[in-house]
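Structural overview for review
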Amino acid sequence: MKDIFKKFNIEIKNEDLLRVALTHSSYSNEHGCECYERLEYLGDAVLEIVCSDYLFKNTSYPEGEMSRLRSLYVCENALYEYSKEINLKDYIYLGNGINEANKTIIADVFEACMAVIYLEQGLDTVKKLFHDMIVPYIENHEDFLMDYKSLLQESVQTVKKSVTYNLIEESGPAHHKEFKVEVIIDGLVYGIGIGNSKKEAEQDAAKKAYMKRAK
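Residues numbered from 1 in each chain as written. Predicted model: local features only at pLDDT ≥ 70, side-chain atom pairs only at ≥ 80, totals over all residues. Heavy atoms only, no water.

1. Considering the pattern of salt bridges
Keep this limit in mind: The term salt bridge refers to a side-chain nitrogen of Lys or Arg lying within 4 Å of a carboxyl oxygen of Asp or Glu. Only DSSP runs of H or I covering at least 4 residues are called helices, and only runs of E covering at least 2 are called strands; the numbering of each starts at the N terminus. Residue exposure (1.4 Å probe, protein chains only): buried if accessible area is under 20% of the type maximum, exposed if over 50%, otherwise partly exposed.
For the structure on display, the rule yields 13 salt bridges. Here Glu81 ties to Lys84 by a salt bridge, and the two come within 3.1 Å at their closest N and O atoms. Here Lys84 and Glu81 lie together in helix α5 (residues 76-84), a separation of three residues that amounts to about one turn. Taking the relative accessible area as the measure of exposure, Glu81 reaches 26% and is therefore partly exposed. A salt bridge links Glu170 to Lys177, with the shortest nitrogen-to-oxygen separation between them at 3.5 Å. Look at Glu170 and you get partly exposed, because its relative accessible area is 44%. Residue class for Lys177 comes out partly exposed when judged on its relative accessible area of 25%.

2. What about empty space enclosed by the protein?
Over the atoms rolls a probe the size of a water molecule, and in doing so it shows where empty space is left. Keep this limit in mind: Whether a set of points on the 1 Å grid over the protein atoms alone is a cavity depends on a 1.4 Å probe fitting there but being unable to get out, while an open set qualifies as a pocket with protein on both sides within 12 Å along at least five of seven lines; lining residues are those with an atom within 4 Å of a point. Grid points are joined across faces, edges and corners, and a volume is the space filled by probe spheres set on the points.
All told, the structure shown has one cavity of 30 Å³ or more when counted by the stated rule. By volume, the largest cavity is sized at about 30 Å³. Forming the walls of the largest cavity are Glu169, Ser171, Glu178, Phe179, Lys180 and Ile194. Sorting the residues of the lining of the largest cavity by element identifies β1 (163-171) and β2 (178-185) as the ones contributing at least two each. Ranked by residue count, the leading element in the lining of the largest cavity is β2, at three residues.

3. Notes on the packing of α5 against helix α6 (residues 103-121)
For any two helices packed against each other, the geometry is given by the interaxial angle and the distance between the axes. Selection criterion: Fitting a line to C-alpha atoms yields each axis, with helices limited to the stretch in contact; the angle taken between N-to-C directions then spans 0 to 180 degrees. Each angle receives one of four descriptions, namely roughly parallel if under 35 degrees, roughly antiparallel if over 145, roughly perpendicular if within 65 to 115, and oblique otherwise. Two residues form a contact once any of their heavy atoms are found within 4.5 Å.
Where α5 contacts α6, the axes come no closer than 8 Å and their chain directions differ by 75°. Relative to α6, the element α5 lies roughly perpendicular. Residues Glu76, Asn77, Leu79, Tyr80, Tyr82 and Ser83 of α5 lie in contact with α6, whose contacting residues are Lys103, Thr104, Ile106, Ala107, Phe110 and Glu111.

4. Things to note about the layout of surface pockets
Our working rule: Three residue categories are used. Nonpolar comprises Ala, Val, Leu, Ile, Met, Phe, Trp, Tyr, Cys and Pro, charged comprises Asp, Glu, Lys and Arg, and polar comprises the others, including Gly.
Considering only enclosed or pocket space, the largest pocket measures out at about 740 Å³ in volume. As for the largest pocket, its lining consists of 27 residues, of which Glu81, Lys84, Lys103, Glu200 and Gln203 are closest to the centre. Elements supplying a minimum of two residues to the lining of the largest pocket: α5, α6 and α9 (198-214). Of all the elements, α9 adds the most residues to the lining of the largest pocket, at five residues. Within the lining of the largest pocket, the residues separate by chemical class into nine nonpolar, five polar and 13 charged.

5. Looking at the sheet that holds β1
Applied cut-off: Any two strands with at least two DSSP-identified bridges between them are counted as paired.
Judged by pairing direction, the sheet is antiparallel, and its three strands sit side by side in the order β1-β2-β3 without closing on themselves. The open sheet has two free edges, formed respectively by β1 and β3 (188-195), since each of these has just one partner strand. Averaged over all pairs of adjacent strands, the angle between strand axes in this sheet comes to 20°, irrespective of strand direction. With seven bridges connecting them, β2 and β3 associate as antiparallel partners. From the neighbouring strand, Lys180 faces β3, where its bridge partner is Ile194. Running over the sheet, helix α8 (residues 148-157) touches β1 and β2 and is turned about 145° from β1.

6. Considering unusual backbone geometry
Notably, Asn9 is not glycine yet its phi reads approximately 60°, a positive angle. The topology assignment puts Asn9 in the segment before α1 (15-21). With a phi close to 50°, Asp186 is a non-glycine residue in the positive phi region.

Keep in mind that these numbers describe shape and distance, not what the molecule does.
Printed below as a string of structure tokens:
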């Protein structure tokens, strides 16, 4: 558990606090322990200040654009994507009534983990993690709020072509499924996407197809 961020050379020593960060209210209600919600509150603020600091020091954008970018890279979709790099979903404690952590829970837990790193190792370590994990997405101009299926459909309709999505592979245990989907435009495969849900895999495939058509 303490090695969650090992990929980024960060080891959390306070395992008790980390366990709180990984505990959903459904589990805490059943076991009489603390859940991640207070840490999530702090982690949200920590991420905002670190992102704001990065944008202020590394861009010359006006206030409005910096605010837009900050909201883009600390939104739920973004946090969920970052969490995949450390398989955060596999570490979350859930109550019996919840079979699998959804996107919102995973994003909240990510924020809670940022709070743990901040409390234990300070803001500089959070900044380092932000630079190593999140800045590559910023430099790559990832848009976590973009609906690529809709964009692809719109671009295809202008030339009256059809778009279909086929599930070509489903693997993994029930609690951690992986789906592989191909997107076909007029009989040709334009992209193959992977995700933890069919919908997510379709979006990934649509993004790859849209980017290919945009070139």
